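Working through the structure, step by step
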Amino acid sequence: MKNIYVFLACLLLIACQNNAQPQDPIPTHESFTIESKILTETRTINVWTPPNYKSSSDSLAVLYMPDGGIKEDFPHIANTLAELIASKRIKPVILVGIENTVRRRDLSSPTEVEEDKKIAPVIGGAEKFREFIASELFKEVNQRYRTKTEKGIIGESLAGLFIVETLFNHPELFDFYIAMDPSLWWNNQHLVKNVKTNLAQFPASPKRFWFAGSNAKDIAKHTKELAKILTEVNPTNLKWTYSNEPKEKHHTIYRATKEKALVWALGN
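What you see is a predicted model; the values in this text were computed from it and never measured.

**Considering the pairing of strand β7 (residues 207–213)**
Summarising burial for β7: 6 of the 7 residues are buried, a large majority. Inspection of the sheet shows strand β6 (residues 176–180) paired to β7 by 5 bridges, in the parallel sense. Each residue of the ladder has a partner; that of Y177, found in β7, is F209. Pairing analysis gives 7 bridges linking β7 to strand β8 (residues 238–244), with the strands arranged parallel. Pairing of G213 across the sheet is with N244, part of β8. In this fold, β7 hands off to helix α8 (residues 217–233), which returns the chain to β8; that crossover is right-handed.

What follows is the structure in structure tokens.
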């Protein structure tokens, strides 16, 4: 019996190691806090600028990211940007990471599905979080850094849902949108079901949208459906591409696709 427990423990350890994310070196960056009146809490913001930012006078586009904490996705996205900029595959850009406090609250919209409501004690705060970004964060970043008007947003999973929702409900906020494995199942696929209606009201200013789907069964069918609808509608003011990634899992797709997504959105 003891040998069985040891064997099961080894299997669990291997599984955890397989699902563990790499420990990324933390790049040189700046951090500041915002006392948000909208969210009624203090938010930590992490900012990475390209190596030559301080020695130049150029203004740069800004890439915003939820899940932007130092112990979240900020380090690996910043390091990837540095590599792509150094190799001249993309233009220089400023990265602004928004560190989480209550992630599932901020990145989810209200839902009528009871199973959805079980994912966290508090959900449905996406609109307030979006207002914080638009009304407080943009202003603070523009005051602190040399920025162009061009800005984009990147994220995965529930952050991907937030990004797709922003694209179709508030497209004026960003110029380009990158979403890996967006949780489009949320609220009975409400976003996908209303895409055609939202596209009919889309602004005339051009937008760019890159999204990807892994082999996750609860996500892949909806990302494919979204791609199908976009193909049928063929909106003239939305440049988009869908990257179908059946060999990737939900926990691998962000790192597996980030380079090609960034090159597509920011390539020279």
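The rest of the description comes next.
**Thoughts on the nonpolar core**
Among the nonpolar cores identified, the biggest contains 49 residues, and L137 and F209 are the most heavily contacted of them. What L137 contacts, discounting residues up to four positions off in sequence, is I34, I45, Y64, V96, I98 and F132. Judged by nonpolar contacts, the second largest core, of 25 residues, contains A61, L84, V93 and A261.

**Some words on the packing of aromatic side chains**
All chains considered together, the criterion is met by 12 aromatic pairs. Arranged with centres 6.0 Å apart and planes meeting at 65°, the rings of Y64 and F174 form a pair that is edge-to-face. Note that Y64 is positioned in strand β3 (residues 60–65) and F174 in the loop between α5 (158–169) and β6, a separation of 110 residues in sequence. The pair formed by Y64 and F174 is uniform in burial state, with each residue classed as buried. A ring pair is formed by F211 and W240, whose centres lie 6.3 Å apart and whose planes are at 35°; its orientation type is tilted. Taken together, the positions of F211 in strand β7 and W240 in strand β8 put the pair 29 residues apart, joining distant regions of the chain. Among the aromatic residues, those joined into a cluster by ring pairs are F168, F209, F211, W240 and Y242. If you follow R146 out to its NZ or CZ, it ends over the ring of Y53, 4.0 Å from the centre.

Thresholds applied
Residues numbered from 1 in each chain as written. Predicted model: local features only at pLDDT ≥ 70, side-chain atom pairs only at ≥ 80, totals over all residues. Heavy atoms only, no water. Buried < 20%, exposed > 50% of the residue type's maximum accessible area, 1.4 Å probe, protein only. Helix = DSSP H or I, 4+ residues; strand = E, 2+ residues; numbered from the N terminus. Pairing = 2+ DSSP bridges. Right-handed = clockwise from strand over helix to strand, strands pointing away. Core = buried A, V, L, I, M, F, W, Y, C linked by side-chain atoms within 4.5 Å. Contact = heavy atoms within 4.5 Å. Phe/Tyr/Trp six-rings, centres within 6.5 Å; stacked < 30°, edge-to-face > 60°. Lys NZ or Arg CZ within 6 Å of the ring centre and 35° of its normal.

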